[in-house]
Amino acid sequence: MTEIEAPCIHVRTSSRNLGSTRNQQSITKMLLLISTVFILLNLPSYVIRLCVFFFTLARKDTPELLWCLQQFFMLLYYTNFSINFLLYAMCGITFRRCLEQMLRRILKSMTRYHCNPQRYI
């Protein structure tokens, strides 16, 4: 059969398929954002480290500007470790739901423990 003679295959799109596709797209966007932020915050630090390494190999004094840049880019490098929580919280609906459930459970257990009259007897 040629392409023209081939029967058309119609794929039914259910609401479940659309929801799954949207979920996959949101996860992909979140992972892309986290990966991009990781590269943007880590790459400058590693580039400066390489520069300092090459200056050391050449037995030349490393310029003061390079040392200052290295310190600044190290702050960005460390920022990456603390910003992931915020990125997940901003972009991940599942992360927010699980976080909310966990916080509710913790608060519920804390109020149950602290408001228990048996505890004071």
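Because the structure is a prediction, the values reported are computed rather than measured. Here the residue numbers are simple positions, counted from 1 along each chain's written sequence. Local features in this predicted model are restricted to residues whose pLDDT is 70 or higher, and side-chain atom pairs enter the listing and the counts only when it is 80 or higher, whereas totals over whole chains, interfaces and linings include all residues. Computation of side-chain values covers all heavy atoms of the structure but excludes hydrogens and water.

Between its first and last C-alpha atoms helix 2 (residues 64–91) spans 39 Å; for 28 residues at 1.5 Å apiece the expected length is 40 Å, and the two agree. Bend angle per residue: angle between axes fitted to the 7 residues ending at that residue and the 7 residues starting there. In DSSP terms, a helix is any run of H or I states spanning at least four residues, a strand is any run of E spanning at least two, and both are numbered starting from the N terminus. The largest bend along helix 2 measures about 45° and falls at S82. The buried label goes to any residue with under 20% of its type's maximum accessible area, the exposed label to any with over 50%, and the partly exposed label to all in between, with areas taken from a 1.4 Å probe on protein chains only. Taken residue by residue, helix 2 has L66, Q70, F73, M74, Y77, N80, L87 and A89 as its buried positions. Expected span of a helix, by definition, is 1.5 Å for each gap between consecutive residues, and there is one gap fewer than residues.

What follows concerns the pattern of salt bridges. For this document, the term salt bridge refers to a Lys or Arg side-chain nitrogen within 4 Å of an Asp or Glu carboxyl oxygen. Scanning the entire structure with this criterion turns up one salt bridge. Its salt-bridge partner being E100, residue R104 comes within 2.7 Å of it at the nearest N-O pair. Of this pair, R104 and E100 both sit in helix 3 (residues 93–114), four residues apart, which is roughly one turn of that helix.

Moving on, we come to the side chain of S45. Take S45: it is sitting in helix 1 (residues 15–57). Residue class for S45 comes out buried when judged on its relative accessible area of 1%. Apart from residues lying up to four places away in sequence, S45 is in contact with F73, M74 and Y77. Contact between two residues is taken to exist if any of their heavy atoms lie within 4.5 Å; hydrogens are not considered.

With that settled, consider the environment of P63. The topology assignment puts P63 in the loop between helix 1 and helix 2. Residue classification places P63 among the partly exposed residues on the basis of a relative accessible area of 35%. Taking C-alpha positions, P63 is 8.8 Å from V52, a pair spaced 11 residues apart along the chain.

For our purposes a nonpolar core is just a set of buried Ala, Val, Leu, Ile, Met, Phe, Trp, Tyr and Cys residues, chained together by side-chain atoms within 4.5 Å. Counting residues in hydrophobic clusters, the biggest one holds five residues: M30, I34, V37, L41 and L87. With four residues, the single largest contributor to this core is helix 1. What I34 contacts, discounting residues up to four positions off in sequence, is N84, L87 and Y88.

UniProt positions are given in the numbering used here, feature names are shortened, and annotations may be inferred rather than shown by experiment. Following the UniProt record, the feature "transmembrane region" (unreviewed entry) maps to residues 30–55 and 75–95 here. Along residues 30–55 the backbone is 100% helical and 0% strand, and the end-to-end C-alpha distance reaches 38 Å. Secondary structure content for residues 75–95 is 95% helix and 0% strand, and the end C-alpha separation is 26 Å.

In this section: unusual backbone geometry. The residue R59 is not glycine, and still its phi comes out positive at about 55°. Secondary-structure assignment places R59 in the loop between helix 1 and helix 2. Given the relative accessible area of 79%, R59 is considered exposed.

Here the focus is a nonpolar patch on the surface. Together, M102, L103, I106, L107 and M110 line one region of the surface with nonpolar side chains, adding up to about 450 Å² of accessible area. For M110, the position within the fold is in helix 3. Each patch is assembled from residues with relative accessible area greater than 30% and no salt bridge, linking like charges that lie within 9 Å and nonpolar side chains (Val, Leu, Ile, Met, Phe, Trp, Tyr) that lie within 5 Å. Note on areas: these come from Shrake-Rupley sampling with a 1.4 Å probe, and a residue is covered only by the protein chains present in the view.

So, about the side chain of T62. Within the secondary structure, T62 sits in the loop between helix 1 and helix 2. You can call T62 buried: its relative accessible area is 16%. Dropping the residues within four chain positions of it, T62 is found in contact with V52, F55 and W67.

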